[in-house]
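# Structure at a glance
Here is what each chain is made of, one letter per residue.
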Amino acid sequence: MYDNEIAVADIAIAWIYGIAGAGLIPGISWGYKPVWIPGVVLLNHSLCFWFWTANQKRSGHPITWSREPARSGWFLLNFFLGVLAMYVAWIGG
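Attention in this report is confined to the structure presented alongside it. (Residues numbered from 1 in each chain as written. Predicted model: local features only at pLDDT ≥ 70, side-chain atom pairs only at ≥ 80, totals over all residues. Heavy atoms only, no water.)

Bringing the overall build of the protein chain into the picture now. Secondary structure summary: the protein chain contains three helices and zero strands in total. Along the protein chain, helices and strands appear, N-terminal first, in the series α-α-α. With the C-alpha coordinates of the protein chain rotated into their principal frame, the extents come out at 50 × 25 × 15 Å. The burial tally for the protein chain puts 28% of its 93 residues in the buried class. Here the analysis covers contacts within the protein chain between residues at least 6 apart in sequence; of these, 57% occur between residues at least 24 apart. (Helix = DSSP H or I, 4+ residues; strand = E, 2+ residues; numbered from the N terminus. Buried < 20%, exposed > 50% of the residue type's maximum accessible area, 1.4 Å probe, protein only. Contact = heavy atoms within 4.5 Å.)

Have a look at this one:
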């Protein structure tokens, strides 16, 4: 269930980046506004993933992604990309 929800969220993020890119490539200022959404989603996704995998490990049902270093790498990648997207939206908007 969680994997399906993440896949849907990733597709939505990709569409929003596409819309933002359509405005950023020609240099239109509104292109920065939609970048907030994927930034917040990625930040939220990273934190939810971190706690979800911790709960899986604690309950005795670890999954492949709950093992280190994959867990930390996935968390850090999503966390910093979310922060970067929000920073770009903030300085551009």
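From this point, the discussion proceeds with the structure in view.
All told, the structure shown has one salt bridge when counted by the stated rule. For the salt bridge of Glu-68 with Arg-71, the shortest nitrogen-to-oxygen distance reads 3.8 Å. Residue Glu-68 is classed as partly exposed on the basis of its relative accessible area of 42%. Overall, Arg-71 belongs to the buried group, its relative accessible area being 6%. (Salt bridge = Lys/Arg side-chain N within 4 Å of Asp/Glu carboxyl O.)

Attention now goes to a nonpolar patch on the surface. A cluster of nonpolar side chains, contributed by Trp-36, Ile-37, Val-40, Val-41, Leu-77, Leu-81, Leu-84, Tyr-87, Trp-90 and Ile-91, occupies part of the molecular surface with about 990 Å² of accessible area. Going through the elements one at a time, α2 (36–58) and α3 (70–92) are the ones with two or more residues in the nonpolar patch. Secondary-structure assignment places Leu-77 in helix α3. Assessed through its relative accessible area of 47%, Leu-77 is described here as partly exposed. (Patch = residues over 30% accessible without salt bridge, like charges linked within 9 Å, V, L, I, M, F, W, Y side chains within 5 Å. Areas by Shrake-Rupley, 256 points an atom, 1.4 Å probe, with all protein chains shown as cover.)

On to α3. Taking 1.5 Å as the rise per residue, α3 with 23 residues should run 33 Å; its terminal C-alpha atoms sit 33 Å apart, in good agreement. Buried within α3 are the following residues: Arg-71, Phe-75, Asn-78, Gly-82, Ala-85, Met-86 and Ala-89. (Expected span 1.5 Å × (residues − 1).)

Take α2 next. Helix length check: α2, at 23 residues, gives a terminal C-alpha distance of 33 Å against a target of 33 Å (1.5 Å per residue), a fit within 8%. Residues of α2 that are buried include every one of Pro-38, Gly-39, Leu-42, His-45, Ser-46, Phe-49, Thr-53, Ala-54 and Gln-56, and no others. In the segment just after α2, Gly-60 is the residue with positive phi, at about 85 degrees.

On to the packing of aromatic side chains, then. A complete count under the given rule lists five aromatic pairs for this structure. Pairing Trp-50 with Phe-75 gives two aromatic rings, centres 5.0 Å apart and planes at 50 degrees, and the pair type is tilted. Of this pair, Trp-50 sits in helix α2 while Phe-75 is found in helix α3, placing the two residues 25 residues apart along the sequence. Joined through ring pairs, the aromatic side chains of Trp-50, Phe-75, Phe-79 and Phe-80 make up one cluster. (Phe/Tyr/Trp six-rings, centres within 6.5 Å; stacked < 30°, edge-to-face > 60°.)

Don't take any of this as a statement about function, it's just geometry.
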